[in-house]
Amino acid sequence: MGITAVDHDHQWLDVRFTDGTSSRFLGAWLRDNIGSGRHRNGGQRTFDINDLPPVSITTAVRVADGVTVSFEPEGLQETFDEQWFRQHAQVVPRPHRSLWGAEMQSRLSFEDYPTLLTDPNRLHDWLVGIRDHGFGLLENVPTTPGSILDVVDLFGYVRQTNYGRLFDVREEADPANLAFTKLKIGMHTDNPYRDPVPGLQLLHCLTNESDGGANQLRDGFAVGEQLRNLHPSQFELLSTQPVRFRFFEEGSADLETHVPLIEVDDRGAIRSIRYNSRSIQAFDMPQAIMADFYEAYRTLGESLHDPAGLIEFRLDPGQLMLFDNQRVAHGRSAYEVGARHLQGCYADKDSLNSRIRVLETQR
Ligand code: FE2
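Residues numbered from 1 in each chain as written. Predicted model: local features only at pLDDT ≥ 70, side-chain atom pairs only at ≥ 80, totals over all residues. Heavy atoms only, no water.

How would you sum up the overall build of the chain? Please name residues and give values.
For the chain, the count of helices and strands is nine helices and 20 strands. Over its C-alpha atoms, taken along the principal directions, the chain stretches across nearly 80 × 60 × 45 Å. The proportion of buried residues among the 363 residues of the chain is 48%. Once local pairs closer than 6 in sequence are excluded, the contacts in the chain between residues at least 24 apart make up 72%. Carbon and sulfur atoms make up 48% of the accessible area of the chain, which amounts to about 18,400 Å² in all. Computing the positive centroid from 36 side-chain charges and the negative centroid from 52, the chain places the two 1 Å apart. (Helix = DSSP H or I, 4+ residues; strand = E, 2+ residues; numbered from the N terminus. Buried < 20%, exposed > 50% of the residue type's maximum accessible area, 1.4 Å probe, protein only. Contact = heavy atoms within 4.5 Å. Areas by Shrake-Rupley, 256 points an atom, 1.4 Å probe, with all protein chains shown as cover. Lys, Arg positive; Asp, Glu negative; His and termini not counted. Charge placed at Lys NZ, Arg CZ, Asp CG, Glu CD.)

Structural data, given as structure tokens:
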């Protein structure tokens, strides 16, 4: 590997590599990204774009393992090495994600919580599974109330809400939420009325003597991609037309968002799914698109509930599930008799992804 030739004008630098490929770099971008413009600790940039004059490339000379570029009007010289050029010649790929359906049922496994406390490699692999598949399962978590908060310490921080640092999911005498009954709960994502929506949800089973109450998960990204393939116009509608979600509690909370059910990023990749029939509000879009929107909304709902795409499992005491609440929809079957007590809490994905990277540097 190496650099065979460089060429430039006042604005652009062209670098040709020994493998025959070549890449073009903007002078202003090179000047903005000089290595000496970063602090030695942590790599933060030490200047602002406003500190830079409009630059011109005056010379570009091939040196041992890179190219030395001179910039005017500053008279600055900087050497960029080949590896750096190669690293920046391509658009950074988006993180890998593995879509799944009902076939995931046969691959379910519960990781041992005490092991994760002492084995950073196993912790890394468990977190990577959550990043790539959108969920992870644990067992042997102490059934002491509040233990769920210790699980969050494995990778990040609790996202506190008006429900507190954690919340109890069990039957209540006068429930304010269907979750606090024995009723079936349809597939949904939590808290779409928040901005931002909590990225991760944990549910930890303390007691389960019920005759039902199984948990279901469905990969919302798989649902979204299927919709994009089979019904592109419906996907377009759901990913561009905002709807309103709201949570209201007299005197304490009035949370509201106005967002599309499917959010996509600048490259069209699905960034998040919101689906919650309990908190979605009357649609306020033009009547002219209402019929089409309802058709698309129904398709999404049917697909999220499609038994052919779901996984289902029962959480027993000491077991915990953690899932990406912006990707994976969850639900619960009804139960008739028996005590069932789960504790839940929220956390954010940035800390989980950070933890993965830190663990990788320590391997
Ligand atoms: Fe929920």
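Here the narrative resumes.
Break down helix α9 (residues 349-361) for me, with residues and values.
Given a rise of 1.5 Å per residue, 13 residues ought to cover 18 Å, and the 19 Å separating the end C-alpha atoms of α9 matches this to within 8%. Among the residues of α9, S351, L352, I356 and L359 are the ones counted as buried. The arc that holds the buried residues of α9, viewed along the axis, is 145°, so those residues lie on one side. Seen from the open side of α9, the exposed residues pointing more than 90 degrees away from its buried face are D350, R357 and T361. The secondary structure elements touched by the buried residues of α9 are α4 (120-133) and β11 (200-208). (Expected span 1.5 Å × (residues − 1). Arc of directions from axis to C-beta.)

Explain the sheet that holds strand β7 (residues 111-112) residue by residue, including any values.
Strand pairing within a sheet occurs via backbone hydrogen bonds; the two strands may be parallel or antiparallel. Spatial ordering of the open sheet is given by β7-β8-β18-β11-β20-β9, a layout of six strands whose pairing is mixed. The open sheet is flanked by β7 and β9 (167-169), the only strands paired with a single partner. Note that β11 and strand β20 (residues 340-347) share eight bridges and pair antiparallel. Counted as the bridge partner of C205 is L342 from β20. Here α4 sits on the sheet in contact with β7, β8 (135-139), β11 and β18 (320-324), set at roughly 140° to β8. (Pairing = 2+ DSSP bridges. Axes fitted to C-alpha atoms, helices over the stretch in contact; angles between N-to-C directions.)

How would you sum up the coordination of the iron ion? Please name residues and give values.
In the first shell of the iron ion, the protein supplies H188 (NE2), D190 (OD) and H330 (NE2), at 2.1 to 2.2 Å from the metal. Counting residues between consecutive donors of the iron ion along the chain gives the motif H-x1-D-x139-H. Of the two residues, H188 is situated in strand β10 (residues 185-188) and H330 in strand β19 (residues 328-332); the sequence distance between them amounts to 142 residues. Accessibility expressed as a relative area gives 6% for H330, which makes it buried. (Donors = N, O, S within 2.8 Å, 3.2 Å for Na, K, Ca; no water.)

Tell me about the domain arrangement of the chain, and name the residues and values.
Taken domain by domain, the chain holds domain 1 (3-89) and domain 2 (102-361). Using only C-alpha atoms to locate each centre, domain 1 and domain 2 end up separated by 45 Å. (Domains from an automatic or database assignment.)

Outline unusual backbone geometry, supporting the account with residue identities and numerical values.
Most peptide bonds take the trans configuration, and most residues that are not glycine carry a negative phi. Put simply, E72 and P73 share a cis peptide bond, and its omega is 10°. Within the element layout of this structure, P73 appears in the loop between β5 (66-72) and β6 (76-81). The residue after D195, namely P196, is reached through a cis peptide bond having omega 0°. Secondary-structure assignment places P196 in the loop between β10 and β11. Unusually for a residue other than glycine, N140 sits at a positive phi of about 65°. Topologically, N140 is positioned in the loop between β8 and α5 (147-152).

So what about the sheet that holds strand β2 (residues 12-17)? Which residues, and what values?
Pairing within the open sheet is antiparallel, and its three strands lie in the order β1-β2-β3. Sheet topology places β1 (3-8) and β3 (22-26) at the edges, where each strand pairs with a single neighbour. Adjacent strand axes in the sheet meet at a mean angle of 20°, parallel and antiparallel pairs treated alike. Pairing of β2 with β3, which is carried by five bridges, proceeds in the antiparallel orientation. Counterpart to L13 in the pairing with β3 is F25.

Could you give an account of helix α8 (residues 287-305), with specific residues and numbers?
The end-to-end C-alpha separation of α8 is 27 Å, in line with the 27 Å expected for 19 residues at 1.5 Å each. The largest bend along α8 measures about 25° and falls at F293. All of the buried residues along α8 are M290, F293, A296, Y297, T299, L300, G301, S303 and L304. (Bend = angle between axes of the 7 residues up to and from the residue.)

Which residues make up the pattern of salt bridges, and what are the values?
Scanning the model with the defined rule gives 19 salt bridges in all. Between R24 and D14 there is a salt bridge, with the nearest N and O atoms lying 3.0 Å from each other. Within this pair, whereas R24 is found in strand β3, its partner D14 is found in strand β2, the two being separated by 10 residues in sequence. Judged by its relative accessible area of 25%, D14 is partly exposed. Its salt-bridge partner being D316, residue R314 comes within 2.9 Å of it at the nearest N-O pair. Bridged by salt links that share partners, the residues R244, R246, D254, E256 and D284 form one connected network. (Salt bridge = Lys/Arg side-chain N within 4 Å of Asp/Glu carboxyl O.)

So, the pairing of β18: which residues are in play, and what are the values?
Extensive coverage of β18 is indicated by the burial of five of its five residues. Of the two faces of β18, the one carrying L320, L322 and D324 and the one carrying M321 and F323 are both buried. Judged from the four bridges that link them, β8 and β18 form a sheet pairing that is antiparallel. Looking at the pairing, L138 lines up with L320 of β18. Bridge count between β11 and β18: five bridges; the pairing is antiparallel. Bridged to L202 within β18 is L322.

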